[in-house]
Structures are given as C-alpha cells and as structure tokens.
Amino acid sequence: TTFLNILGGLDRPSAGRITVNELNLLTLSDAALNRYQREKVGFVWQQTGRNLIPYLTAQENIELPMTMAWNKTPHEKQEWSKELLNAIGLYDRRKHKLTELSGGEQQRVSIAVALANKPVLLLGDEPTGEVDTATAQTIMKTFRNLQEQFSLTIIIVTHDPRIAGQVDRVVAIRDGKISTETVRQISQIEQVAATSATVLIQ
C-alpha cells in the first residue's frame, strides 16, 4: 500500500527518486502532483466502498471523475462511460446501483471508474482480496483485456500467489526491499501491445 501510495502521488517518499514517464514525482509542486493524480493515474482499492458511491448507478459512478477533472460535454462523458462499461462486460448493468450488483461486478465498475480520466497507469491494491476464486479470475481477465485494449501499464499489489502466473512481471518485496523478480517471456506479436508508461523506482 505504501508503494502504491507513493507511485500514485498520494504520499511523497522521504528519499530516493520515483519517475513516471520521465516525471519525477518527488520534485513536483502540490498543484502539479494533484494534476498527475487526476490525469495520469487510476486507483482500484480492495474495498469497493473506497471506489464507489452507493447511491449512484454504475454509469453515474464512472462519469463522476470526468465531471471533476474533464472539460467535457455530457454526451462525451456518456459515450466514454458506455465504452468502459462495454470493456468490463457490464453495459447491460449500467443503470444498476451497488446493492443490485455482485461483489465482482462492483469491483469491475471500480476498475472502470479508475479509467474514467484515461490514465496511463492503473494501480490495484489487493483488487481480488475480497472475492472468491472464480470472481478473482474474472477480475484478472478484465485487467488483461483492458491492458491490451487501452495500452495501460497496470501494477497490482497482492498476497495471492495465484495471480503471479497471470501477469507479465512479478516483483516480490520483503522487508521493504526487492527479494525476487520474474519476467514472463513474451512473443514478438505480444510485444505490439506494449505498455504506455515507464516506471522507475530508486
């Protein structure tokens, strides 16, 4: 969580350097850091209560971040929210409120909310931590599909070892330091769907 908070611009590191797309987060002004949070990064938390507003529909939840950050017309917001709902496989549930959605559906809406402002970096803090195995697989498949569709860089922090086999790179952190790193070999065809953000931690 500390790592994601620093990477997402919520906390400032006390030392070192953190660079996203050649942008050094440590040296940004407060205003620039707020703009980075709004425009460049999306968060998905373990508890859907941190991601969603219960009295809004799925579509209204997705449109809310756009209202706060975009200078877009209502039509533009509706079109983008509908595209995201299609991407997560919940277009037919767009008018449902949280009480009418399962836990897995709520988490997929949370992912769409995190993508509302078209970030290049998507951060997930234990996004499958409160769902069963089958639902976790659906959520991970959603992450993979979105990464390919929108050329995202996605970083997931988890204690679930089953996720390790479903991602391109696994970095294990122990006692605040990198203990192991595994990179999945990808084919030349897969390399076409390259991620759009570069992250450097020192």
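Because the structure is predicted, anything quoted here is derived from the model rather than measured.

## Observations regarding the nonpolar core
Core analysis: the largest hydrophobic core is formed by 27 residues, its most contacted members being I62, I88, V109, I111, L115, L122 and L146. For this core, the elements supplying multiple residues, two or more each, are α3 (58–69), α4 (74–87), α5 (103–114) and α6 (133–150). With five residues, α5 is the single largest residue contributor to this core. Counting residues in hydrophobic clusters, the runner-up holds 15 residues, among them L25, L33, V41 and W45.

## A closer look at the confidence of the model for the chain
Averaged over every residue, the pLDDT of the chain is 84; residues scoring 70 or more account for 91%. By mean pLDDT, the top-scoring element of the chain is α5 (94), and the lowest-scoring one is strand β8 (residues 199–201) (45). Here residues 188–202 scores under 50 on pLDDT; set against residues more than four positions off or in separate chains, the count is 32 contacts.

## Some details on helix α2 (residues 30–39)
All of the buried residues in α2 are A32, L33 and Y36. For α2, the arc enclosing every buried residue in end-on projection is 100°, short of the 170-degree limit, so these residues lie on one face. Across from the buried face of α2, at angles greater than 90 degrees, the exposed residues are D30 and A31. Contacts made by the buried residues of α2 are with α1 (2–7), β1 (18–20), β2 (23–24), β3 (41–44) and β4 (121–125).

## Describing the sheet that holds strand β5 (residues 153–157)
The strand order across the open sheet formed by three strands is β3-β4-β5, and the pairing between neighbours is parallel. The sheet terminates laterally at β3 and β5, the two strands that pair on one side only. Taking each pair of neighbouring strands and ignoring which way they run, the sheet shows an average axis angle of 15°. Taken together, the four bridges between β3 and β4 define a ladder with parallel strand orientation. The partner of F43 across the bridge, within β4, is L123. Lying on the sheet, α5 is in contact with β3 and β4; it crosses β3 at an angle near 165°.

## Description of the pairing of strand β7 (residues 177–183)
As paired elements, strand β6 (residues 169–174) and β7 share six bridges and run antiparallel to each other. Bridge pairing links I173 to I178 in β7. Connecting β6 to the next strand, β7, in antiparallel fashion are two residues, including D175 with a positive phi near 55°.

## A look at the environment of R174
Here R174 shows up in strand β6. Given a relative accessible area of 59%, R174 falls into the exposed group. The spatial distance from the C-alpha of R174 to the C-alpha of G16 is 18 Å, given a sequence separation of 158 residues.

## Points about unusual backbone geometry
Most peptide bonds adopt trans geometry, and most residues besides glycine take a negative phi value. The backbone of K118 sits at a positive phi, close to 55°, despite the residue not being glycine. With respect to the helices, strands and loops of the structure, K118 is situated in the loop between α5 and β4. Classification of K118 by relative accessible area gives partly exposed; the value is 49%. Residue E126 is not a glycine yet carries a positive backbone phi of 50°. Relative to the elements of secondary structure, E126 occurs in the loop between β4 and α6.

## Focus on the environment of L64
Relative to the helices and strands, L64 resides in helix α3. Expressed as a C-alpha distance, the spacing of L64 and L52, which sit twelve residues apart in the sequence, is 9.9 Å. What L64 contacts, discounting residues up to four positions off in sequence, is I53 and L56.

## Considerations on the layout of surface pockets
Estimates place the volume of the second largest pocket at around 530 Å³. If you go around the second largest pocket, you meet 21 residues; those closest to its centre are Q37, P65, V113, A114 and N117. Mapped by element, the contributors of at least two residues to the lining of the second largest pocket are α2, β3, α3 and α5. Per-element tally for the lining of the second largest pocket: the top contributor is α3, with five residues.

Parameters at a glance
- Residues numbered from 1 in each chain as written.
- Predicted model: local features only at pLDDT ≥ 70, side-chain atom pairs only at ≥ 80, totals over all residues.
- Heavy atoms only, no water.
- Core = buried A, V, L, I, M, F, W, Y, C linked by side-chain atoms within 4.5 Å.
- Buried < 20%, exposed > 50% of the residue type's maximum accessible area, 1.4 Å probe, protein only.
- Helix = DSSP H or I, 4+ residues; strand = E, 2+ residues; numbered from the N terminus.
- pLDDT = per-residue confidence, 0-100.
- Contact = heavy atoms within 4.5 Å.
- Arc of directions from axis to C-beta.
- Pairing = 2+ DSSP bridges.
- Axes fitted to C-alpha atoms, helices over the stretch in contact; angles between N-to-C directions.
- 1 Å grid on protein atoms, 1.4 Å probe; cavity = no way out; pocket = protein on both sides within 12 Å on 5 of 7 lines; lining within 4 Å.
- Points joined across faces, edges and corners; volume = space filled by probe spheres on them.

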